[in-house]
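Structural characterization, general
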Amino acid sequence: MSRLLTPAMMRTLLPGLSLAALLAAIFYLQPRTMSYFGLNLLLNLAVPIALATIAQMFILCVNDLDLSLGAFISLTACITATWLNDAPLIGILALAACVAAYAALGALIHLRNLPSIVVTLGMSFVWTGIAVLVLPTPGGSAPGWIRTLMTLKPALVPFPIIAAVVIALTVHFGLMRSAAGVVLRGAGGNPKSVERAGWSMLRVKCTMFALAGFFGVLSGMALVGLTTSADANIALRYTLLSIAGGILGGGEFVGGRVSPIGAVIGAITLALAGSFLSFLRLNPDFQIGAQGVILILVLALRLLINSRGTRA
Amino acid sequence: MNTPLVDMGGVEKSFGAARALAGVDFQLMRGTCVGLVGHNGAGKSTLMNVLSGLIRPDAGSLRIDGEDFDRGYDPATAVGHGIRCVFQELSLCPNLTVAENLRISHPSIKGFGWRKTAGKVILESLDQIFPGHGINPDSEVGDLTIARRQMVEIARAFSIVDSQVDLVILDEPTSSLDQNAAAQLVTFIREFVSGSRSVVLISHLLGEILTASDTVVVMRDGVVVAVDDTTNFDRERLVRDMGDVLVDDSGFGTRINTKIVNSDPVVTGPRENGHQLILYPGEIIGFAGLSGHGQTNALVKIFEAAQGARRAISATEPAVFVAGDRQSDGIFPLWSITRNISVSSFARLMNRFSLDFDREDDEAAGWHKKLSIRTADMKNNILSLSGGNQQKALFARALGSDAKIVLMDDPMRGVDVGTKQEVYEILTEEAALGRALIWYTTETDELKHCDRVYVFREGHIVAELSGETLTEANILSSSFEAEDV
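The text that follows walks through the structure, step by step, so that each part is easy to find. Just so you know, these numbers come straight off a predicted model, no measurement behind them.

On to a nonpolar patch on the surface, then. All names here are of chain A. Taken together, the side chains of L156, V157, I162 and V166 make up a nonpolar region of the molecular surface, amounting to roughly 370 Å² of accessible area. Here V157 shows up in the loop between helix 8 (144-150) and helix 9 (159-177). The exposure class of V157 is partly exposed, given its relative accessible area of 35%.

All right, on to unusual backbone geometry then. Residue and element names in this part refer to chain B. For E172, which is not a glycine, the phi torsion comes out positive at approximately 50°. For E172, the position within the fold is in the loop between strand 7 (167-171) and helix 6 (179-192). With a phi close to 35°, S372 is a non-glycine residue in the positive phi region. Following the sequence through the fold, S372 ends up in the loop between helix 13 (357-370) and helix 14 (387-400).

Further remarks concern helix 9 (residues 295-306) of chain B. Residue and element names in this part refer to chain B. Between the first and last C-alpha of helix 9 there are 17 Å, a value that for 12 residues agrees with the 16 Å anticipated at 1.5 Å per step. Considered for burial, the residues of helix 9 that qualify are Q295, A298, L299, I302 and A305. In a view along the axis of helix 9, the buried residues occupy a sector of 125°, so they form one face of it. Positive phi appears at G308, one or two residues downstream of helix 9, with a value of about 105°.

Turning our eyes to something else, we now look at the sheet that holds strand 11 (residues 267-272) of chain B. Remark on secondary structure: sheet strands pair via backbone hydrogen bonds, oriented parallel or antiparallel. Residues and elements named next belong to chain B. An order of 12-11-14 is seen for the 3 strands of this open sheet, with the pairing classed as antiparallel. Sheet topology places strand 12 (275-279) and strand 14 (314-315) at the edges, where each strand pairs with a single neighbour. As defined by bridge partners, strand 11 adjoins strand 12 across 4 bridges and the pair is classed as antiparallel. By the bridge assignment for strand 12, V267 is matched with L279.

A word on the sheet that holds strand 7 of chain B. Residue and element names in this part refer to chain B. With respect to topology, 6 strands assemble into an open sheet ordered 6-7-8-3-9-10, the strand pairing being mixed. A single partner strand is all that each edge strand has here, and the edge strands are strand 6 (83-86) and strand 10 (223-229). Mean inter-strand twist for the sheet, computed between neighbouring axes without regard to direction, equals 15°. Pairing of strand 3 (residues 33-38) with strand 9 (residues 215-220) involves 5 bridges; the strand directions are parallel. Following the sheet pairing, V37 is matched in strand 9 by V218. Relative to the sheet, helix 6 contacts strand 3, strand 7 and strand 8 (198-202), its axis offset from that of strand 8 by approximately 150°.

Attention now moves to the environment of B:S175. Residue and element names in this part refer to chain B. Assignment of secondary structure puts S175 in the loop between strand 7 and helix 6. Look at S175 and you get buried, because its relative accessible area is 14%. Taking the C-alpha atoms as reference points, S175 and M412, 237 residues apart in sequence, are found 9.2 Å from one another. If sequence neighbours within four positions are ignored, S175 has contacts with Q150, D410, R413 and T442.

With that settled, consider the interface of chain B and chain A. Counting residues at the interface gives 23 residues for chain B and 21 residues for chain A. Interface area, chain B with chain A, both sides summed: about 1,800 Å², of which 54% is carbon and sulfur. Of all residues in chain B, B:N95, B:R103 and B:I104 bury the most surface against chain A, accounting for 31% of the area lost on that side. The tally of links from chain B across to chain A stands at 2 salt bridges. A salt bridge links A:R185 to B:E100; the shortest N-O distance between them is 3.0 Å. Those elements that provide at least two residues to the side of chain B that touches chain A are helix 2 (75-80), helix 3 (98-105) and helix 4 (114-129) of chain B.

Ranked by internal contacts, the top residues of the largest apolar core, which has 150 residues, are A:F58, A:L175, B:F130, B:I154, B:F158, B:L170 and B:V199. In this structure, B:I154 is in contact with B:V86, B:I129, B:F130, B:L170, B:P173, B:L177 and B:L185, ignoring residues within four places of it in sequence. Core analysis: the second largest hydrophobic core is formed by 39 residues, B:F395, B:M408, B:V423 and B:W439 among them.

Time to look at the pattern of salt bridges. Note on pairing: side chains with opposite charge can pair once their charged atoms come close. Within this structure, the stated rule accounts for 21 salt bridges over all chains. A network of salt bridges, in which partner residues are shared, links A:R185, B:E100 and B:R115.

Definitions and cut-offs
- Residues numbered from 1 in each chain as written.
- Chains lettered and ligands numbered in written order.
- Predicted model: local features only at pLDDT ≥ 70, side-chain atom pairs only at ≥ 80, totals over all residues.
- Heavy atoms only, no water.
- Patch = residues over 30% accessible without salt bridge, like charges linked within 9 Å, V, L, I, M, F, W, Y side chains within 5 Å.
- Areas by Shrake-Rupley, 256 points an atom, 1.4 Å probe, with all protein chains shown as cover.
- Salt bridge = Lys/Arg side-chain N within 4 Å of Asp/Glu carboxyl O.
- Helix = DSSP H or I, 4+ residues; strand = E, 2+ residues; numbered from the N terminus.
- Buried < 20%, exposed > 50% of the residue type's maximum accessible area, 1.4 Å probe, protein only.
- Expected span 1.5 Å × (residues − 1).
- Arc of directions from axis to C-beta.
- Pairing = 2+ DSSP bridges.
- Axes fitted to C-alpha atoms, helices over the stretch in contact; angles between N-to-C directions.
- Contact = heavy atoms within 4.5 Å.
- Buried area = accessible area lost by both parts, 1.4 Å probe.
- Core = buried A, V, L, I, M, F, W, Y, C linked by side-chain atoms within 4.5 Å.

Following this line, the structure appears as structure tokens:
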């Protein structure tokens, strides 16, 4: 059989193909999007979503699920729009504390053997509460340097595309190719075996949660850079978007099977799906449902490929 | 030179009420292979887990190379002192490649180009132990057959990067390997211990213990009951010392004409190469051949056919499946033993609105007695049982259902001799009651209990043996024919 069409290969290609199909449809419906300016506009909001998806992917990788990510990103966005802007040192310390809190959550979940869904669901209220305290009414303003970075207009290739590629490749090399990343992923595949080999599962979980927290912070900062202000509920829908993006990108809920490149592609696909449906002049009331249908279609396709693979 | 590499004294360990180790003394000299035998639940695996640092004993001493260890002995310390372990339950990460799995157990493989190094090391080790293995270090472990996974796991334990390897513990290493690979491993073990390195071999295949080891240690109920040179042992003494019933050695092909009179076949396969799979009620049919040659696949197809799917094989009665890969296909790890057994009979155990819990308990109690499942309480979690007893629960699950066809996928993997004898008897009884059984096994001995045996090679039936033609020699020759040419 030809090597290119193995089920494993198809699985890897599926997220990219879905994105290509969606892009083609958008270009067909609205040819003016096929320009530097158009792509910039289309993909702008995909950057924070991609970062959020990467954050979620780290959690998925160790067989956990983070239901507080949206609330957490809202909080970091609020901190970015207030403290980081007014008193950078305090802002940086506060964001670092957020990452540390995530690492501590990982430790708690591991040591007490708690279901991550319950812990993070509870934490989501804590994050939202702190966010409201930090920024009671919508407002604040983006630190100048973040604003500059997020509205960068490099020649030829729009910034969101460059950002997506950089994010995907950095995490790909860190998690998928590096020797340390192998241990982190192995911990999702067979934690017992990793522990038997002398690695500390506590450290693995802390690392993964800290990484998730770090990318959550980045997501919040990127979001503020685009919107220039924040509010305590700004990113709530990111929780589900990040999970959907991670799964769409070829990740799985258990077993440590994740793909950073796929996750970024999945996030972009989801971000574009909204635009696509607007171009179809679909009633906004149906848009969320239609996004769900797209998700189901892609996952159904993957199941089909998988079942073909096991039969062959 | 006469300090033992490992010297354990008076090691004790209890899990709740169960006493796994009741004061074990265990010595291991350099340059020897020690065969460790005993029932499931005799404490072999627990002892080896203590030695590899995974379990902290309640009492006792542990010396490695004369160095005393008391507290703080953990897996990392064990690995640091050159002790490696291949566990009974496969412990590779299925989501990683073969080379990446090597990195998990060898922290020193890192830095630029680590992937290449890891691939080279594991490939060298595989080539050395299992020549002609055909495994690509870049393939994901989850995509490999169970036999190949086991090869990778063994090769991983023997591979040397920069830390020394003094002792490799092999816990049922050949349970999923075919005879060819198992023989390769035994040859390699002899080579490996010819220097100053050592091996502990745990196996239920007594022939393997007798050929591979220098010393045999027999355990029973958490204590060592016999230690002697292998030359002083034979099969009978081993079995006697383990406290098992003697294996019934009556030959092959003694079960004939067991099919229920005037019955119609319940499974009919397509005719291929002049052989056709047919199964009548009352029969026990064996699937033989080297492991991974399509036997499991055939069982799955029959099962699917019984559920109504269109397959080349047809099955006219409902079927149940007894899985060989307990951990992944068999048990519900969060459930009690009782619930693990009753899950196949829910429909039958329903009263009007819910499960009839009293009847569920009654039936479980029946199986508890009938299969002598070793537990104080059937309400305990299934994982509190040893591997062999978990398998008994899986048999109870299958036999408790109404299904007429019972499909068994190498169910006796890592099960002790005594348990096997008990299960054989029950299978025979069940057949006599009109059930039809198909039994895939990697142990030739077990085919004695079959009416007919189909030998598989490369996914097809290549021989049908029964009565006088059903001999070990015939099974072997049909399994290996292709290699002889």
